[in-house]
Amino acid sequence: MTDRTPDPVRDLLAVVLDAITLPYDAPDYDRRILDRAALARTVATAALAEDPRDLAWNVDYLRGKLRAEQADAEQEAARRSVDRAFPAVAAFLDRERTTRGGEGR
């Protein structure tokens, strides 16, 4: 049997599947999966409402958002790791942020 699903549709389905797939042990799993599902829903809704020739844009947009979200999650995990390793520094930085209006300088 021949697959008749156009490549842009397959790409969209693949990136939506990526968005809603996250390891259960990922930090902040609940928040991240909800954010990712909302992004996937937004992109799928837009893809259905727009010209089918624009599917690639929607795929690229969601892929970019997922990369940015993953980078943010990795940065936050690194920060938490440093905070655990150096609690005195973490406490000092928290005090600095609150006393200087959140500027962190």
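What you see is a predicted model, and the numbers here were worked out from it, not measured in a lab.

Undergrad: Report on the packing of helix H1 (residues 7-19) against helix H3 (residues 55-85), specifying residues and quantitative values.
TA: Where H1 contacts H3, the two axes come as close as 9 Å, and the packing angle between them is 20 degrees. The orientation of H1 relative to H3 falls into the category roughly parallel. Our pair here, H1 against H3, has a crossing hand that is left-handed. Between H1 and H3, the contacting residues are Pro8, Val9, Asp11, Leu12, Val15, Val16, Asp18 and Ala19 on the first element and Leu55, Val59, Leu62, Arg63 and Leu66 on the second.

Undergrad: Give me the lowdown on the confidence of the model for the protein chain, citing residues and values where you can.
TA: Scored by pLDDT, the protein chain has a mean of 88; 92% of the residues are at 70 or more. When mean pLDDT is compared element by element in the protein chain, helix H2 (residues 29-49) scores highest at 95, while helix H4 (residues 87-99) scores lowest at 84.

Undergrad: Can you explain the side chain of Glu69? Please cite residues and give values.
TA: The topology assignment puts Glu69 in helix H3. By relative accessible area, which is 15% here, Glu69 ends up buried. If we ignore the near neighbours within four places in the chain, the residues touching Glu69 are Arg32 and Arg36.

Undergrad: With reference to specific residues and values, describe the packing of aromatic side chains.
TA: The full count for this structure, using the stated rule, is two aromatic pairs. For the pair Tyr24 and Tyr29, a centre-to-centre distance of 5.3 Å together with 50 degrees between the ring planes defines the contact as tilted. Taking relative accessible area as the criterion, Tyr29 reaches 19% and is therefore assigned buried. Both rings, one in Trp57 and one in Tyr61, keep their centres 5.2 Å apart while their planes meet at 10 degrees; by these two values the pair is stacked. In this pair, Trp57 and Tyr61 are both assigned in helix H3, four residues apart and thus about one turn of the helix distant. Tyr61 sits in the partly exposed class, given a relative accessible area of 33%.

Reading guide: rules and limits
Residues numbered from 1 in each chain as written. Predicted model: local features only at pLDDT ≥ 70, side-chain atom pairs only at ≥ 80, totals over all residues. Heavy atoms only, no water. Axes fitted to C-alpha atoms, helices over the stretch in contact; angles between N-to-C directions. Helix = DSSP H or I, 4+ residues; strand = E, 2+ residues; numbered from the N terminus. Parallel < 35°, antiparallel > 145°, perpendicular 65-115°, else oblique. Left-handed = near helix turned anticlockwise from the far one by under 90°. Contact = heavy atoms within 4.5 Å. pLDDT = per-residue confidence, 0-100. Buried < 20%, exposed > 50% of the residue type's maximum accessible area, 1.4 Å probe, protein only. Phe/Tyr/Trp six-rings, centres within 6.5 Å; stacked < 30°, edge-to-face > 60°.

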